[in-house]
Amino acid sequence: MSNYQKLDFWSLKAQKEGYPARSVYKLQEIDKKFGLLPKSKGQINADYKVLELGAAPGSWSLYILRKFDGCGFLAACDISPLSDHNGAGLFAGQNFFFKQADIFAADTQAELAAKGPYCLILSDAAPSTSGDRGLDTARSEELVRAALSYAAVSLRQDGALCIKIFQGQDTAALIKETRPKFKQLKTFKPEACRSSSFETYIVGLGFKKTL
Ligand SMILES: C[S@@+](CC[C@H](N)C(=O)[O-])C[C@H]1O[C@@H](n2cnc3c(N)ncnc32)[C@H](O)[C@@H]1O
């Protein structure tokens, strides 16, 4: 299958399954490989909370809410609004909170921390690409550091983390620095990523709160 057909395949599949973006299949693949989210509804109680940074247009949110099926709690944040493709009902529910804001803002950090602590923190946040790879990777790294600071404050002991990063010259150092804070830390590039893209995901399992 060519790259073009592959792109088309993921987009069409997303459309058919009611997701606002094809990026949902990246999370689905990461979830399948690492078991980020509980497998069954029975394992999700009111204390099971997820924080999602860079959530718009909302495919990951929808994937999580569908898995939750009314249980658990999801807090999500993005500068941009969520998709209104299917009307507000798409994200309706008591167990969902969306904040349209910059994740770097101190008041946003405080508000999201107050809704935690979280069992899982996800960040698919990405800068708008400029075409200058050095600049784009540096901006992505700032977003990764922001997500890590949310984790330092709000991730539960033994919690999990999944953060998108545009691979740049400082990525290896950042991973080395983060590795001791988790029992297991890996990078993973899902099939649904464009093959030309230099994005990958840092997945941390078993957060060591005290380090
Ligand atoms: C690839 S999209 C996320 C797609 C999402 N996971 C989904 O499945 O629909 C990256 C998002 O990061 C957001 N973003 C980038 N910088 C941000 C920031 N400083 N604060 C909040 N959101 C940010 C962008 O607005 C964009 O919506």
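Everything numeric in this text was worked out from a predicted model, so none of it was measured. (Residues numbered from 1 in each chain as written. Predicted model: local features only at pLDDT ≥ 70, side-chain atom pairs only at ≥ 80, totals over all residues.)

A.B. asks: Give a detailed account of the pairing of strand β2 (residues 73–78), specifying residues and quantitative values.
C.D. replies: Of all the 6 residues making up β2, 6 are buried; the element is thus mostly covered by neighbouring parts of the structure. Side-chain alternation along β2 places F73, A75 and C77 on one buried face and L74, A76 and D78 on a second face that is also buried. Of the pairings in the sheet, the one linking strand β1 (residues 49–53) to β2 comprises 5 bridges and is parallel in character. Within the sheet, the bridge partner assigned to L53 lies in β2 and is C77. Bridge analysis of β2 against strand β3 (residues 96–100) gives 5 bridges, and the strand direction is parallel. (Buried ≥ 20, exposed ≤ 12 C-beta atoms within 10 Å, placed from the backbone. Helix = DSSP H or I, 4+ residues; strand = E, 2+ residues; numbered from the N terminus. Pairing = 2+ DSSP bridges.)

A.B. asks: Tell me about unusual backbone geometry, and please be specific about residues and values.
C.D. replies: Trans is the prevailing form of peptide bonds, just as negative phi is the prevailing case for residues other than glycine. Between A56 and the following residue, P57, the backbone shows a cis peptide bond with an omega angle of 5 degrees. Assignment of secondary structure puts P57 in the loop between β1 and α3 (59–68). In this model, G116 is joined to P117 through a cis peptide bond whose omega is 0 degrees. Of note, P117 is situated in the loop between α4 (106–114) and β4 (118–123). A positive phi angle, close to 50 degrees, is found at D69, a residue other than glycine. Following the sequence through the fold, D69 ends up in the loop between α3 and β2. Residue D69 is classed as exposed on the basis of its C-beta count, with 12 C-beta atoms lying within 10 Å. In this structure, D158 is a non-glycine residue whose phi angle is positive, near 70 degrees.

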